[in-house]
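Examination of the molecular architecture
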Amino acid sequence: MKLVLQKFGYVVLMLCIISLISFGAIHLAPNSFFASGELNPNITPESLEQLKRVYGLDKSLSVQFFAWFKAMLQLDFGISFASGKAVRDEILERLPITLLMNIISMVFVFILALYWGIKSAMKQTSFYDKSIKQVALISYAMPSFYLSLLLVMLFSVQWKIFPISGLHSQGMTGNGIAYMADMAWHLILPIFVMVFGGLGSLVLYVRSLTLNILKSDYIFFAKSRGIEGKDLLIRFILPNLSPPIVTILGLSLPGLIGGSVILESIFAINGMGLLFYQSALSRDYPVIMGILIISSFLTLLGNMIADLVLTKLNPHFKRRG
Amino acid sequence: MWYNFSMKTLLMTFLFFTSTVFASTLHLSISANPSRLNPILSTDKTSSDVAQWMFNGLIKYDKDANIIPDLAQSYHFVDDTTLIFELRDDVKWSDGAPFSARDVLFTYETIISPKIFTPYASGFMHIEYVKMLDNFKVEVKYKYPYFKALEVWMMEILPEHKLKNEADLMTSKFNQNPLGTGPYTLTQFNISKDIVLEANPSYFIHKANIGQIIFHYLPDRSAEFLMLKSKKLDVGSLSPLQLERQIDEDFRKHYTIYEDIAHNYSYMGFNLKSEKFKDARIREALSLAIDRQELVDILYFGHGKVCTGPFLPGTGAFNENVKAPKPDIARAKALLKEAGYDDAHPFVFELSTSANGSGSYSAQILQHQLKKAGVVMKLRIMEWQAFLNTVVLPRNFEAVLMGWSLGLKPDAYSIWHSESIRKGGFNFIGYENSEVDRLIKEAEQIVDQEKFDLRYQEIFAKIVADNPYLFLVIPNEITVVNKEITPVSTSIIGVMHNVVDWIKQDF
Amino acid sequence: MKRFPLLSTILLVLIFCFCFIVPHFYHGSAYDLNPTAILLPPSLEHFLGTDRLGRDLFARLMVGGQVSLMIGILSALISSIVGLMIGISAGFFQKGMDKLIIVLIDLFLTFPTFFLLLALISYMSASVWVLIFIISITGWMGMARMIRSESFAISNAPFIKILKLSNVNTFKIIFKYFAPLLAPIFFISFTFGVSGAILAESGLSFLGIGITPPQMSWGVIISEGKEVIDIAWWLSFFPGFLIFLVTLSLINLSDYLQSKSNEKDVLNDV
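Presented here is an overview of the structure given in this document.

Calculation rules
- Residues numbered from 1 in each chain as written.
- Chains lettered and ligands numbered in written order.
- Predicted model: local features only at pLDDT ≥ 70, side-chain atom pairs only at ≥ 80, totals over all residues.
- Heavy atoms only, no water.
- Buried < 20%, exposed > 50% of the residue type's maximum accessible area, 1.4 Å probe, protein only.
- Helix = DSSP H or I, 4+ residues; strand = E, 2+ residues; numbered from the N terminus.
- Pairing = 2+ DSSP bridges.
- Axes fitted to C-alpha atoms, helices over the stretch in contact; angles between N-to-C directions.
- Contact = heavy atoms within 4.5 Å.
- Buried area = accessible area lost by both parts, 1.4 Å probe.
- Salt bridge = Lys/Arg side-chain N within 4 Å of Asp/Glu carboxyl O.
- Polar contact = N/O pair within 3.5 Å; in protein donor to acceptor, adjacent residues only side chain to side chain.
- Nonpolar A, V, L, I, M, F, W, Y, C, P; charged D, E, K, R; others polar.
- Left-handed = near helix turned anticlockwise from the far one by under 90°.
- Phe/Tyr/Trp six-rings, centres within 6.5 Å; stacked < 30°, edge-to-face > 60°.
- Lys NZ or Arg CZ within 6 Å of the ring centre and 35° of its normal.
- Core = buried A, V, L, I, M, F, W, Y, C linked by side-chain atoms within 4.5 Å.
- Parallel < 35°, antiparallel > 145°, perpendicular 65-115°, else oblique.

1. What to know about the pairing of strand β7 (residues 137–142) of chain B
All names here are of chain B. The element β7 is extensively covered by neighbouring structure, given that 5 of its 6 residues are classed as buried. Pairing of strand β5 (residues 82–87) with β7 involves 5 bridges; the strand directions are antiparallel. Looking at β7, one finds that Leu 83 is bridged to Val 140. Summarising the sheet, strand β6 (residues 127–134) and β7 pair through 6 bridges and their orientation is antiparallel. By the bridge assignment, Asp 134 is partnered in β7 with Lys 137.

So, in structure tokens, the structure goes:
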């Protein structure tokens, strides 16, 4: 318990440092409020001053920071400059789709990676193993935007099997099965790209973990006792695989809410990635800060959980030296 | 009474719903999420694109850019500074509340309020007061004769009854759920779904024939084009490249193509405070060295016009006697030589521009053209915000490549008057011509359109003669409309000017 | 016994020659526009077709490749060296230094690359060097972590303890005894890092915030091709394919080095 508190204290401290750095970096940068790619000659210097007053940007930086920090502690991230909506609402609006896509793809990635990784390790050096490994390396090397463009080109433009972009067909409303099916049909290509991109590293990781387990003494003894196949898998390999896999799960936590900017813009999906990217391009400070803080919190939390799980499962292991 | 009223609305909504089953839908696209569907607060194009269907101003432009009454029944000037609007008495807000002069007064007070930020406030600063003469009559008193006295009132009117108790309009829910007098009302505005508008059954002209407008969110230009190609949009815009190379017979069978000049132009602006460009010969040489028509041909496949000056053709301020210079490399070289540059000591300068849009292509073409005249132009291409904040606004450049979007009523003050050189003003190139200054100030107080136009034509010629900018290109706006829709016609204000009358034959 | 990835190595060498040597012999220019040759498909005159301004894609791929490869190699080199030094410092000095480095690593892990890039280009214009800088400072953490945990093990090895006790110069210990033991990890993660950096650069350029014209990289060419993908597939297909070939070859190479070093460690590894 003490360890948990200590780690949590660390997370809080880190959050403070991160807020300070990002707040400074953002607010010290020169800025104006011409969001789009064009100047509006109707905006007079006086009205810009007024804008700063309305948003409280005329106050000193430290006053602004403490006001922001105080509100942040109550989970109030302020108001988006661009839309005038609360940053929290803005994030909550975009979160579901990103979360949905990430969870679906993560489930696929983990199941497939475990299956192929273990199978490939158990049949090491076979043709099967070699092909799996090559596919994994290809998945590693393939730029996601390139894959997306190729898929859209072939499946959507050429063969018209899948929709080009977006989440819903025209006129699809409601919440029925047809609606869900329609959405699933739209999600197939982007999720395929996500799964394919995430698979490579995890397959290789599972494979090398399994290889190590297979090399260990207890497997040797188990095998010599005649335990094989499924039994070996369930009683020895899987239990030994679980700690590192849990760690990876913990480390993927922040990835759940962070959408991919490239994928979301190619497939026109209004998720967190696009929100962050667009607010960064238009210098919408409150939104940028809100997302940064939430995602760093999750990153730190994920690391912490991974640490704790590892310490719990293996008392000898201490990541922090 | 109340009961009665709500029964009626209930009945109406019911009828309305049953009728929409058969009514048609207009499919449009937007490239970004609208930020605020509030006409006086929106600073982005997509917000105005959506909000324009829900609100009305007191007056508007007709098809030929003449001013005609909208929410007003009529208007007249009592003298140079006093304007009277007689309002229509048959207008209802889409929630049924009647529209009145109160709303006009409220809108004016909101715009000039220090608590909000609106880019449209500048026009209203010249007003001394706005007075309600009776429920449907408003008097506007200007501090002095003001040339845009009328145009200012194209500003959309907000509902007073809905907003009078709103503490902070900037963050109000109204901006996401607006209520107006316009031909359509908002029924769905959800970030992850399409935006849906329904025809307002009590619209004061008549209920729009097309029952529903759906805006599809397509952030990517190529995605929009692919949607058009698969015939899922009724109205869309094409780039010249798409028009020339990417559409087929089938596309032309399905869509009618309308082309008209866009209301913007691109230019290369020189930093006139920099020693390099103080010499007028240099500016003229560069102007002669570039081939504007080639720019139109490569960049827009000929779908554009060479820009000859600071105001748009088709408006009264346009001076048709001013012609674009013919490319003349020999003369350009001679001028450069006079100014002390030759092949051994070439004239070198840096052009900055933003990576948005066609900026980087135009810059590369210009670079190529100038090379022929022995001019070395270096390029610096940046992300928009960085470009604006580290280059344009601090005037940290030798030359910039940018564009201006202009309204139909030009206002030269913010770009060309020497007072706008100050920080935050848009005369960032530092252009100073006392003659032009005087003419701008003079024209500002002329309400009479013809006299105003004469002054502006003079300004036009004087600015062009000074070569502070190289005026480059006015691109064409290419719009395609589904052939099932009638009646559609082009107009200087775009094909969408008569959407209320559009009928879409669904087969 | 993993075979040496001959094919990958040959590919890498060929692509290198293509980018750095072939331009000296090729007739086309990467910059000359030609209004009469806009978006031509691959032909004998233009092997890989032309782009939106009529420029020869073959020539542009070579020049773009120089930028992509240079960014890839330099940023991987910088980030690997930074990671190596930070990792060794943590593992060698341990205690306070280690804690500080952990904080540093966590900090850098929380900021997305494109955000740092945007923050930086608010002050200066984007260039090859800015991109190298950004990709390096967001890419060293993986290396640092690996080196760190490895260094802990080495640090605790008896011979290092003895060296430390016998007052041998710290730098000497690090360079003479420490570093050689870490060399395999360094090379594995360097080859890996090059592919990562190339992907990062192309991603940023694809979004339009990386390399800007008239400079070009493969990522820039793809992103220019995206608009016209339905009529000029060659513009995005070829640069993307080159990126893919380079990264795949590098990863194969890195994988080979990895299995090589495992072999040395554990002799019974297959």
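After that view of the structure, there is still more to cover.
2. Let's talk about the sheet that holds β7 of chain B
Residue and element names in this part refer to chain B. Taken in spatial order, the 4 strands of this open sheet run β4-β5-β7-β6, and their pairing is antiparallel. Edge strands, defined here as strands with exactly one partner in the open sheet, are β4 (72–79) and β6. Here the average twist between neighbouring strands, direction ignored, is 20°. Sheet topology note: the β4/β5 ladder contains 6 bridges and is antiparallel. Pairing of Ser 74 across the sheet is with Glu 86, part of β5. Running at roughly 165° to β6, helix α3 (residues 101–112) makes contact with β5, β6 and β7 of the sheet.

3. Here's the deal with the interface of chain C and chain A
On the side of chain A, 45 residues touch chain C, which itself brings 42 residues to the contact. With both chains or domains summed, chain C and chain A bury close to 3800 Å², and 74% of this area falls on carbon and sulfur atoms. There are 1 salt bridge connecting chain C and chain A. For Asp 255 of chain C, the salt bridge is made with Lys 133 of chain A, and the minimal N-O distance between the two is 2.9 Å. Taken together, the links from chain C to chain A amount to 7 residue pairs in polar contact (both at pLDDT 80 or more). Listing elements by their share of the side of chain C that touches chain A, those giving two or more residues are α3 (95–110), α4 (113–121), α6 (141–155), α8 (170–207), α9 (218–226) and α10 (233–265) of chain C. At 11 residues, the largest contribution of residues to the side of chain C that touches chain A is made by α10 of chain C. Residue composition of the side of chain C that touches chain A, by class: 24 nonpolar, 9 polar and 9 charged.

4. Topic: the packing of helix α6 (residues 144–158) of chain A against helix α7 (residues 177–215) of chain A
Residues and elements named next belong to chain A. Put simply, α6 and α7 touch, their axes get as near as 10 Å, and they point 145° apart. Classified by chirality, the crossing of α7 by α6 is right-handed. Along its contact with α6, which presents Ser 144, Leu 147, Ser 148, Leu 151, Val 152, Phe 155 and Ser 156, the element α7 presents Leu 189, Phe 192, Val 193 and Phe 196. Residues that form the contact of α6 with α7 fall into these classes: 8 nonpolar, 3 polar and no charged.

5. Considering the packing of aromatic side chains
Under the counting rule described, the total for this entry stands at 62 aromatic pairs over all chains. Seen from their ring centres, Phe 16 of chain C and Phe 20 of chain C are 5.7 Å apart, and the 25° between their planes marks the pair as stacked. Taken together, the positions of Phe 16 of chain C and Phe 20 of chain C, both in helix α1 (residues 6–20) and 4 residues apart, correspond to about one turn of that helix. Following the ring pairs from residue to residue traces out a cluster consisting of Tyr 265, Tyr 267, Phe 397, Trp 404, Trp 416, Phe 426, Phe 428, Tyr 431, Tyr 469 and Phe 471 of chain B. Residue placement shows Lys 123 of chain A over the ring face of Tyr 128 of chain A; its charged tip is 5.1 Å from the ring centre.

6. Considerations on the interface of chain A and chain B
Interface size is commonly expressed as the accessible area that is lost once the parts come together. Between chain A and chain B, the contact holds 47 residues from the first and 48 residues from the second. Both sides of the chain A and chain B interface together cover about 4100 Å² of buried area, and 57% of this is carbon and sulfur. Counting across the chain A and chain B interface gives 1 salt bridge. The salt bridge partner of Arg 283 of chain A is Glu 383 of chain B, with a shortest N-O separation of 3.1 Å. The interface formed by chain A and chain B holds 4 residue pairs in polar contact (both at pLDDT 80 or more) in total. Among the secondary structure elements, those contributing two or more residues to the side of chain A that touches chain B are α2 (45–54), α4 (87–122) and α11 (272–281) of chain A. Top contributing element to the side of chain A that touches chain B by residue count: α2 of chain A, with 7 residues. Partitioned by chemical class, the residues of the side of chain A that touches chain B number 21 nonpolar, 20 polar and 6 charged.

7. Some points on the nonpolar core
Formed by 314 residues in total, the largest nonpolar core has its most connected members in Phe 85, Trp 153, Phe 349, Trp 416 and Phe 428 of chain B. Sorting elements by how many residues they give to this core places α7 of chain A first, with 16 residues. Discounting chain neighbours no more than four positions away, the residues touching Trp 416 of chain B are Tyr 265, Pro 310, Asn 427, Ile 429, Tyr 431, Val 436, Asp 437, Ile 440, Ile 463, Pro 468, Tyr 469 and Phe 471 of chain B. In terms of nonpolar packing, the next biggest core, distinct from the first, is built from 14 residues, Met 143, Ile 174, Phe 178 and Ile 185 of chain C among them.

8. Considerations on the sheet that holds strand β18 (residues 469–471) of chain B
All names here are of chain B. Strand order across the open sheet formed by 5 strands is β16-β15-β17-β13-β18, with mixed pairing between neighbours. At either margin of the open sheet sits one strand with a lone partner, and together these are β16 (376–382) and β18. When strand polarity is set aside, the average angle formed by the axes of neighbouring strands in this sheet is 30°. In terms of strand pairing, strand β15 (residues 348–354) meets strand β17 (residues 399–405) through 3 bridges, oriented parallel. When the bridges of β17 are listed, Ser 352 appears paired with Val 400. Packing of helix α13 (residues 359–372) onto the sheet brings it into contact with β13 (264–270), β15, β16 and β17, and relative to β16 it is tilted by some 170°. In this fold helix α14 (residues 384–392) packs onto β15, β16 and β17, with an angle of close to 120° to the strand it touches most, β17.

9. Some details on unusual backbone geometry
The step from Thr 486 of chain B to Pro 487 of chain B runs through a cis peptide bond, and the omega angle for that step is -15°. Tracing the backbone shows Pro 487 of chain B in the loop between β20 (485–486) and β21 (503–504). Looking along the chain, the bond that leaves Pro 213 of chain C and enters Pro 214 of chain C is cis, with omega of 5°. If you trace the backbone, Pro 214 of chain C turns up in the loop between α8 and α9. For Leu 39 of chain C, which is not a glycine, the phi torsion comes out positive at approximately 55°.

10. Remarks on the packing of α11 of chain A against α4 of chain C
Remark: α11 of chain A packs on α4 of chain C, axes separated minimally by 10 Å, with the N-to-C direction vectors making an angle of 5°. Classified by the angle their axes make, α11 of chain A and α4 of chain C are roughly parallel. Note on element contacts: α4 of chain C touches α11 of chain A through Phe 114, Phe 115 and Leu 118 of chain C, opposite Phe 276, Tyr 277, Ala 280 and Leu 281 of chain A. Among the residues making up the contact of α11 of chain A with α4 of chain C, the classes are represented as 7 nonpolar, no polar and no charged.

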